[in-house]
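Per-entry structural report
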Amino acid sequence: MKKLWGGRFREGLDPVAREYSFSLWVDIRLAVYDLKVNLAHAGALEKAGIFSEEEYLRVSDYLELLIAQFEDVEEIPGGDHDDEDIHSRIERLVTEELGELGKRLHTGKSRNDQVITDVRLYVMDECEEILFLLKTLSGVFVDLAEAHLGVPFPGFTHLQTAQPVLLSHHLLVYVEQLLRDQTRFEAVRVAADVCPLGSGALAGNNYGLDRQFIADELGFSKLSTNSMDAVSDRDFMMEFLSAASICMTHISRLSEELILWSSPLTGIVEIGDTFTTGSSIMPQKKNPDIAELARGKAGRVLGNLVALTHVIKALPLTYNRDLQEDKGLLFDSADTLASTLEVFAGMMLTVKFNQVAIDRALANGYCLATELADYLVKKGLPFREAHEITGAVVLSAIERKKTLESLTLEELQAFDERIESDVFECLTVQAALDAKSVYGGTALVRVQEQLDRVKDLLK
Ligand code: ARG
């Protein structure tokens, strides 16, 4: 088949240049969207009197047939012809089947407005898919939080034992993150929901096509308002890649914790056999490969955002072929994020917490030191002074190889005579947890409240 643009040329494209510029094997994924866009366009041509009803029906019947073929057939319709991109392939198929009538389908549209209409439809669907996966993974964390309600856990800052928290409080952090991701993908879907078709190459079209009709047919709720902007705008794609990068960053932080906690150094969690791998040389190993891969893939997804931003940053208006580079980055990030969310939902179901290791971590890190300082504040000391005294108590406990709570009253009173026997009521993990009853704190009532709130949001 002739090129879509052959008329002005005496010679064909050099094979190396052809190979360099053709994108069919990337944008083939847009086939069904492109067919639906052609179908809506055919309807607009009929409304404008360019197609008779009979002509419209012949075109639409064939487009419907192609939709079924591209959806179901293993082999991609059209064979191994050297079509430049998916729009060229569909145009060739329609023209081979319908002759003159097929050629007339391309009245009043350009690949520039088609490709971005296709991509917007793809992004809207992809957002729905990711929102579903985000909810599923959030649900797994909610179940874990519920199952471990009341279990104390070491809270860290600087990776040093800081203060006791509830394990559920820690697990619900991931839900908070995923809920924010959800909000971002909902906003991306709204940003993508704008119909550019009718914008032509850049200036609009001469045929008075009913753009509202096209948008309604395709399920868009808004029309683009400037044809030049419509063919050159890729903001919603940068927004998608940005939301994907933030979400992968969350998964990467989670991965880091899973890797650390499943190391024999801490032994706090064990990931199930079905989501860990062995070593070809060291028989004892149980490696957290899925978490490590996700941590690595987060880098790739962030790279895609940076790459797309760089593709766009120096482009003059309107369409430039550079923009063809957008789709590979988009598809790669969407696939990577979707598969990561899916595999994590499965993996988190297999994670078991090791109570002995948790208790050991809680016992060894002087995580009750702040409670002693707060106790002294209750006895009338300014916090700074209480902090200073407690620091000295901790130092002496370290030297005696004792925990704070195992120091005797006399040993404690040597630091400040205001310390009385009621100090021991404060120096327990449970008391430390119960005291954090401020809104958003880690006391059981507050965590239960949090759990109820997120369950409500995920309904
Ligand atoms: N394959 C192109 C892309 O993905 C489609 C638009 C081509 N337009 C053009 N003027 N060459 O961006």
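Residues numbered from 1 in each chain as written. Predicted model: local features only at pLDDT ≥ 70, side-chain atom pairs only at ≥ 80, totals over all residues. Heavy atoms only, no water.

**A look at the packing of helix 7 (residues 111-147) against helix 20 (residues 444-458)**
Where helix 7 contacts helix 20, the axes come no closer than 11 Å and their chain directions differ by 155°. Taken together, helix 7 and helix 20 sit at an angle that is classed as roughly antiparallel. Where helix 7 crosses over helix 20, the two elements pack in a sense that is left-handed. On helix 20, the residues touching K135, S138, G139, V142, A145 and E146 of helix 7 are L451, V454, K455 and L458. Residue classes in the contact of helix 7 with helix 20 are distributed as five nonpolar, two polar and three charged. (Axes fitted to C-alpha atoms, helices over the stretch in contact; angles between N-to-C directions. Helix = DSSP H or I, 4+ residues; strand = E, 2+ residues; numbered from the N terminus. Parallel < 35°, antiparallel > 145°, perpendicular 65-115°, else oblique. Left-handed = near helix turned anticlockwise from the far one by under 90°. Contact = heavy atoms within 4.5 Å. Nonpolar A, V, L, I, M, F, W, Y, C, P; charged D, E, K, R; others polar.)

**Focus on helix 12 (residues 289-313)**
Taking 1.5 Å per residue, 25 residues should reach 36 Å; helix 12 reaches 36 Å between its end C-alpha atoms and fits that length. Buried within helix 12 are the following residues: A291, A294, A298, V301, N304, L305, L308, V311 and I312. The inward-facing, buried residues of helix 12 contact helix 11 (235-262) and helix 13 (326-348). (Expected span 1.5 Å × (residues − 1). Buried < 20%, exposed > 50% of the residue type's maximum accessible area, 1.4 Å probe, protein only.)

**What to know about the nonpolar core**
Residues V123, F141, F185, F240 and L258 are the most contacted members of the largest nonpolar core, which totals 134 residues. With sequence-adjacent residues up to four places away left out, F141 is seen in contact with L171, Y174, V175, L178, L254 and M348. (Core = buried A, V, L, I, M, F, W, Y, C linked by side-chain atoms within 4.5 Å.)

**Looking at the site of the ligand**
Within the structure, the ligand sits among S23, D85, H87, R111, N112, V115, Y319, Q324 and K327. At 2.9 Å, a side-chain N or O of N112 approaches a nitrogen atom of the ligand. Contacts to the ligand include Q324, whose side-chain N or O atom sits 2.9 Å from a nitrogen atom. Here the ligand, which alone exposes 340 Å², has 86% of that area covered by the protein. A breakdown of the residues in the shell around the ligand according to their chemical character gives two nonpolar, four polar and three charged. (Near = heavy atom within 4 Å. Polar contact = N/O pair within 3.5 Å; in protein donor to acceptor, adjacent residues only side chain to side chain. Areas by Shrake-Rupley, 256 points an atom, 1.4 Å probe, with all protein chains shown as cover.)

**Re the state of the cysteines**
By the definition in use, this model includes zero disulfides. C367 takes part in no disulfide bond, and the closest cysteine sulfur to it belongs to C426, at a distance of 14 Å. By relative accessible area, which is 2% here, C367 ends up buried. (Disulfide = S-S within 2.5 Å.)

**A short note on empty space enclosed by the protein**
Per the counting criterion, the structure on display carries four cavities of 30 Å³ or more. Roughly 40 Å³ of internal volume is contained in the second largest cavity. Lining the second largest cavity we find F141, Y174, Q177, L178, H250, I251 and L254. Grouping the constituent residues of the lining of the second largest cavity by class yields five nonpolar, two polar and no charged. (1 Å grid on protein atoms, 1.4 Å probe; cavity = no way out; pocket = protein on both sides within 12 Å on 5 of 7 lines; lining within 4 Å. Points joined across faces, edges and corners; volume = space filled by probe spheres on them.)

**With respect to the side chain of D83**
Residue placement: D83 occurs in the loop between helix 4 (53-72) and helix 5 (86-98). A distance of 2.7 Å separates a polar atom in the side chain of D83 from a polar atom in the side chain of R89. A polar contact of 2.8 Å, which involves the side chain of D83, links it to the side chain of R92. Aside from chain neighbours lying at most four places away, what touches D83 is F22, L24, S88, R89 and R92.

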